[in-house]
Amino acid sequence: MSEEVRVRYAPSPTGMQHIGGVRTALFNYLFARSQGGKFILRLEDTDRTRFDEKYVQNLYDTMAWLGIDWDEGGSKGGEYGPYVQSERFELYKKYAQELVDKGEAYYCFCDAERLERIRKIQTENKLPPGYDRNCRHLTPEEVKENLAAGKPYVIRLKVPLEGETQFHDHLLGDITWKNEDISPDPILLKSDGFPTYHLANIVDDHMMKITHVMRAQEWIPSTPLHVQMYRSFGWQHPEFCHLPMVNGSDGKKLSKRHGSTSLNEFRARGYLPQAIVNYVALLGCSYEEGKDMYTMEELARNFKLDHLNKAPAVFDYKKLEWYNGQYIRAMSDEELYKWVLPFITGTGDAALEVNTENPQPMPNVGPEFSGVALGEDGEPYCVDKSMNMTSADVKKALMNLMPLIKERLKFLSDAAEMVHFLFTEPAVPAKENIVPKKLDEAKTKEVLEKAKSFVAVVFEKGHDEAEAFAKATAEEMGIKLGDFMMPVRMAVTGSRVSPPLIGSIQILGKEESLSRIERTLSAFN
């Protein structure tokens, strides 16, 4: 085995990248970086029925978005390529034949009809499923005759009929498996010359000098078989580390019923890659004591296999939301503008597909919610032409809003509704949306009358004095500050979802703010 640590992420491009796969990729990447080793990206594309090139592209896009850089594979190549299984078929045939020649595997000529008959008998008699090893006992002469007759065949591994297979898992310790419980003589090479996952996986890991296999615990039942294959070849197997499962809050394996699981959906809902990386790196692993926020470099420096937990990790969407908010608030205004613009204009990540059955609400993004679209020149423009705003005006207004919305954003997708009031003149809200629960219409009208003086203070004396004026006025009227501010917010922005009110009024301007208050007051006459 090579001295250098070499690990791999080897997904099957039969679906979009999901959070469990990303966790596996990230742990392999962090381990390689912590050891000064190599991280290999390999495509296990032997399942051609579900293969799609868009899934390959999604893999590369996801890795790039997360900032997980690989050393070999993909466009980078490497000395142990090709790194795509469909380009290595001759190699698999060679090694399958080698096992036959060594007496560790055999030709099986059973047709589909016979195998189906066996399956039915096993089901009816409640017998364990699997091949009955019929062809394992063919004589060399019978094999030769069948081959000469051009009879289709597969190549099957000879799994020992007795004894046990043992292996050590870095996280779970020593594991012993009875050989009678291993899948009976599984197929290594199919009749069309395609390898099965097991053969391709073992040959590739050996040829690419993989030293550590870090994968999900659902692969544990396959590991005894893999260990047997290594022994059949006479090869040393890598170290195994089966990572803790990722469950939902109900203790069941994380799935769509819990919320977003596809990385594309997290992107479309306005999560930042830094938040995903930071949170996912903590799913089943610990780092420094008393610290929550890590850069990728810090995670790599502190990652240790000994810090992995045996217990399943619970994916907490609220905790991830907290991380997202923290990273949003740590951004400069220029950075935040770059990240929220696609959600304001409905382009880029905001245009990625969202699962409508997801229990999380659909994100409200794009011009319909923000009033801002993206021109062909890549610059934002106001959809409502009556606002008389140039692209420069729109960009300036958005930049002015960044420090205000930064404190309120949980997701980048929240930005569209928050900026809307600046780029369209909102309709006067219905009275029931303006009147606070603890006030009546008469009192609310009184609040809106006082709001004109409040706006004047905003522009004449500034933020602190305006805040003090609002507090004093609410006290004088015998109402809570929130009940004073809410009708003013509805009048000025048309929504309960908006940036801080005083800052919003300052950006909107005195004349427009007073005009909106007057229009809202007319609804109470």
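Right above here is the structure, for reference.
Residues numbered from 1 in each chain as written. Predicted model: local features only at pLDDT ≥ 70, side-chain atom pairs only at ≥ 80, totals over all residues. Heavy atoms only, no water.

Draft legend 1. Examining the overall build of the protein chain more closely. Assigned secondary structure in the protein chain consists of 21 helices and 13 strands. Computed over the C-alpha atoms, the radius of gyration of the protein chain is 31 Å, more than 25% above the 24 Å expected from 2.2 N^0.38 for a compact globule of 525 residues. Reported as C-alpha extents along the three principal axes, the dimensions of the protein chain are approximately 100 × 50 × 50 Å. By the burial criterion, 51% of the 525 residues in the protein chain qualify as buried. A sequence separation of at least 24 residues applies to 75% of the contacts in the protein chain between residues at least 6 apart. (Helix = DSSP H or I, 4+ residues; strand = E, 2+ residues; numbered from the N terminus. Rg over C-alpha atoms; globule rule 2.2 N^0.38 Å. Buried < 20%, exposed > 50% of the residue type's maximum accessible area, 1.4 Å probe, protein only. Contact = heavy atoms within 4.5 Å.)

Draft legend 2. Here's a closer look at the packing of helix α18 (residues 463–477) against helix α19 (residues 481–493). Taken N-terminus to C-terminus, the directions of α18 and α19 make an angle of 110 degrees; their axes are 8 Å apart at the nearest point. On the basis of their axis angle, the class for α18 and α19 is roughly perpendicular. Here α18 and α19 pass one another in a crossing that is right-handed. Contacts between α18 and α19 pair Ala 470, Lys 471, Thr 473, Ala 474 and Met 477 from the former with Leu 481, Phe 484 and Met 485 from the latter. Grouping the constituent residues of the contact of α18 with α19 by class yields six nonpolar, one polar and one charged. (Axes fitted to C-alpha atoms, helices over the stretch in contact; angles between N-to-C directions. Parallel < 35°, antiparallel > 145°, perpendicular 65-115°, else oblique. Left-handed = near helix turned anticlockwise from the far one by under 90°. Nonpolar A, V, L, I, M, F, W, Y, C, P; charged D, E, K, R; others polar.)

Draft legend 3. Fine view of the environment of Trp 70. The topology assignment puts Trp 70 in the loop between α2 (53–66) and α3 (89–101). Here Trp 70 falls in the buried class, since its relative accessible area comes to 10%. For the pair Trp 70 and Phe 39, spaced 31 residues apart in the sequence, the C-alpha separation amounts to 5.3 Å. Beyond its immediate stretch of four places on either side in the chain, Trp 70 contacts Phe 39, Leu 41, Tyr 60, Met 63 and Lys 76. Among the polar contacts made by the side chain of Trp 70, one reaches the main-chain carbonyl oxygen of Gly 73 at a distance of 2.9 Å. (Polar contact = N/O pair within 3.5 Å; in protein donor to acceptor, adjacent residues only side chain to side chain.)

Draft legend 4. Seen up close, the state of the cysteines. Using the criterion set out here, one finds zero disulfides in the structure. Cysteine Cys 108 is unpaired, with the sulfur of Cys 110 as its nearest cysteine sulfur at 3.9 Å. (Disulfide = S-S within 2.5 Å.)

Draft legend 5. Spotlight on the packing of helix α12 (residues 333–345) against helix α15 (residues 415–423). Relative to each other, α12 and α15 sit at 75 degrees, their axes nearing to 9 Å. If you check the angle between α12 and α15, you find them roughly perpendicular. Between α12, through Val 340, Phe 343 and Ile 344, and α15, the contact on the second element is made entirely by Ala 415, Ala 416 and Val 419.

Draft legend 6. Seen up close, unusual backbone geometry. Omega for the peptide link from Gly 81 to Pro 82 comes to 0 degrees, which places this bond in the cis form. As for its placement among the helices and strands, Pro 82 is situated in the loop between α2 and α3. Although it is not a glycine, Asn 388 sits at a positive phi angle of roughly 55 degrees. Within the element layout of this structure, Asn 388 appears in the loop between β13 (380–382) and α14 (391–406).

Draft legend 7. Quick look at the pairing of strand β5 (residues 164–169). Residues of β5 alternate between two faces, with Thr 165, Phe 167 and Asp 169 buried on one and Glu 164, Gln 166 and His 168 left unburied on the opposite face. Note that β5 and strand β6 (residues 173–178) share six bridges and pair antiparallel. Of the residues in β6, the one forming a bridge with Thr 165 is Trp 177. The loop that links β5 with its antiparallel partner β6 comprises three residues. (Pairing = 2+ DSSP bridges.)

Draft legend 8. Broad picture of the sheet that holds strand β3 (residues 105–108). In space, the three strands of this open sheet follow the order β3-β4-β7, with antiparallel pairing throughout. Strands at the two margins of the open sheet, each flanked by one partner only, are β3 and β7 (187–189). Here the average twist between neighbouring strands, direction ignored, is 45 degrees. Bridge analysis of β3 against strand β4 (residues 154–157) gives four bridges, and the strand direction is antiparallel. When the bridges of β4 are listed, Tyr 107 appears paired with Ile 155.

Draft legend 9. Just the packing of aromatic side chains, in detail. Per the counting criterion, the structure on display carries 26 aromatic pairs. On the numbers, 5.5 Å between centres and 55 degrees between planes, the contact of Phe 27 with Phe 303 is tilted. A residue pair is termed long-range when its members are at least 10 positions apart, and Phe 27 in helix α1 (residues 19–34) and Phe 303 in the loop between α10 (296–302) and β11 (313–314) qualify at 276 residues. Assigned by exposure class, Phe 27 and Phe 303 land together as buried. One aromatic cluster is present, built from ring pairs that chain together Phe 266, Tyr 271, Tyr 279, Phe 315, Tyr 317, Trp 322, Tyr 323 and Phe 411. A cation sits over an aromatic face here: Arg 48 above Phe 51, 4.2 Å from the ring centre. Above the plane of the ring of Tyr 131 lies Arg 156, whose end atom (NZ or CZ) is 3.7 Å from the centre. (Phe/Tyr/Trp six-rings, centres within 6.5 Å; stacked < 30°, edge-to-face > 60°. Lys NZ or Arg CZ within 6 Å of the ring centre and 35° of its normal.)

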